[in-house]
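Spelled out from the first residue to the last, the chains are:
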Amino acid sequence: VASVVVAYDVAARGDAARKAKQTREDPGRGNARELRELNALPAPVAELRRALGGAMTTLMNGAGKRLVGQAYRMANDRIRACDAVARRLYSPWGKLAGLSLEDSSLGWDLTASLAAPLWTIATCVDHAVGDDGSRASRAAMESSGEHCLISLMDVCRMGTEEGLGEVGGPASRAAANAAIVILTSIVSRSRLPLSKRAVARATQLTHICFHGGLMKHLASVPTVFSPCCALLVSIIRARKAEMARQTAMITVACHALLDALKAWNAIEDEKNALAERTKTPRDEEEVAIHEEAMRRAANSMAPVYESAGKVVGSLYAMHLLADAVAACCGGGAWGGDDDRKSGDGYVRGIGAVAESALKPGIFALFDAVQDRELQQLYTMFGNAMGGALRLKFKALIDEYRLVHKYDPKKG
């Protein structure tokens, strides 16, 4: 197993050197396939990756619980060692030593160090949950699952603390994407014992990624935002017992996702305002890319609302619905100090494109909220923003009753 992991590590470091060169020259250059590979964790070429994966699977089939558990421990130790290096680099002493934390090569070097342990954990988890997984692999996963969860959370935190180069850059997004995908596969296995504290920490990953800066660019939609939405869906569906008394954390996580949508829309509104002032037409391709990214992000978030509406209950569904309506409308009454505000002092909403894609999730929340809570929301909105919130809420209710709510009289 160690020989296979070392071979993967050597090949991944070569790929990281290539990505560092591309990032340094022009991170936005290249076709869609090249940009997608840039946002992925360093890895060997496809043929070598398949060969190493087959070798690892063969070794897992013949290993016992102790040896498979040793592979988990080796991967966790490597992640902790990388975390220690990153902490020294972004500490004040590292800055005094003249180390540039935003240097692309430094970020990719550290990300390459994480590639092999993350691949090891992913391979072991896939083998344990697969049809051909042995009993020893499943037992090792059950004993090491929570330790792996904590290590994966540390990888995401490293990306928010300049530990992997520029925060929100390709290297930090690639490492966070790999960690979130593996974390989702671990959490979605409902029979795997995890403590309530560990599941609660995983729920707050969305909040950490947004406020840590990993979601400050639209490029993070396929790499960070959508995987975070998939993680929340897995937690809601597979970890009902662990989240029974921690439902409020789902509202906090969803609020962070809405904040990301509002921040991206605010940047686009500023570009439109600048183009209007200077009477310069916007690039149609750039506008289309923004709209497609917002639509994709909202489509990823809609299943979160659909899953939460079936689990959280009417009271928390009311809180989720209030945040969603406020985000669709915007308004200073609902914004915090970190929200992007326009010139008139109001907080930007998520935009028409994201609102249209998010409506299936909002309508699912209407299904979960009782008439009493709807009346409370209507009264609570009051005259906020000159009555705009109440008007938006009423328009959503009318559309919900017209196109979504089932009417037995109509069949």
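The structure we're discussing is the one just above.
Now for a quick tour of the structure.

Cut-offs and rules
Residues numbered from 1 in each chain as written. Predicted model: local features only at pLDDT ≥ 70, side-chain atom pairs only at ≥ 80, totals over all residues. Heavy atoms only, no water. Axes fitted to C-alpha atoms, helices over the stretch in contact; angles between N-to-C directions. Helix = DSSP H or I, 4+ residues; strand = E, 2+ residues; numbered from the N terminus. Parallel < 35°, antiparallel > 145°, perpendicular 65-115°, else oblique. Contact = heavy atoms within 4.5 Å. Nonpolar A, V, L, I, M, F, W, Y, C, P; charged D, E, K, R; others polar. Salt bridge = Lys/Arg side-chain N within 4 Å of Asp/Glu carboxyl O. Buried < 20%, exposed > 50% of the residue type's maximum accessible area, 1.4 Å probe, protein only. Phe/Tyr/Trp six-rings, centres within 6.5 Å; stacked < 30°, edge-to-face > 60°. Lys NZ or Arg CZ within 6 Å of the ring centre and 35° of its normal.

### Here's the deal with the packing of helix H12 (residues 248-278) against helix H14 (residues 313-329)
Here's step 1: Closest axis-to-axis distance for the H12/H14 pair is 10 Å, and the angle between their directions is 10 degrees. Accordingly, the angle class assigned to the pair H12 and H14 is roughly parallel. Side by side, H12 and H14 meet where Ala248, Ile250, Thr251, Cys254, His255, Leu258 and Lys262 of the first sit next to Tyr316, His319, Leu320, Asp323, Ala324 and Ala327 of the second.
Here's step 2: Partitioned by chemical class, the residues of the contact of H12 with H14 number eight nonpolar, three polar and two charged.

### Here we look at the pattern of salt bridges
Here's step 1: Applying the stated rule across the entire model yields 18 salt bridges.
Here's step 2: In this structure, arginine 18 engages aspartate 15 in a salt bridge whose closest nitrogen and oxygen atoms are separated by 2.6 Å. Here arginine 18 and its partner aspartate 15 are both found in helix H1 (residues 2-25), three residues apart, which amounts to about one turn of the helix.
Here's step 3: The exposure class of arginine 18 is partly exposed, given its relative accessible area of 41%.
Here's step 4: Judged by its relative accessible area of 12%, aspartate 15 falls in the buried class.
Here's step 5: Here glutamate 373 ties to arginine 372 by a salt bridge, and the two come within 3.8 Å at their closest N and O atoms.
Here's step 6: Glutamate 373 gets classed as buried once you look at its relative accessible area, which sits at 8%.
Here's step 7: Assessed through its relative accessible area of 57%, arginine 372 is described here as exposed.
Here's step 8: The network of salt bridges with shared partners includes Glu268, Lys271, Arg282 and Glu286.

### Some thoughts on the packing of aromatic side chains
Here's step 1: Under the defined criterion, the tally for this structure stands at six aromatic pairs.
Here's step 2: Consider the rings of phenylalanine 363 and tyrosine 400, whose centres lie 6.0 Å apart with planes at 45 degrees: the pair is tilted. Of this pair, phenylalanine 363 sits in helix H15 (residues 352-368) while tyrosine 400 sits in helix H17 (residues 388-403), placing them 37 residues apart in sequence. The burial state of phenylalanine 363 is the same as that of tyrosine 400; both residues are buried.
Here's step 3: Through successive ring pairs, a cluster of aromatic residues spans Phe363, Phe366, Phe381, Phe393 and Tyr400.
Here's step 4: Arginine 390 extends its terminal NZ or CZ atom over the ring of tyrosine 378, reaching a point 4.4 Å from the ring centre.

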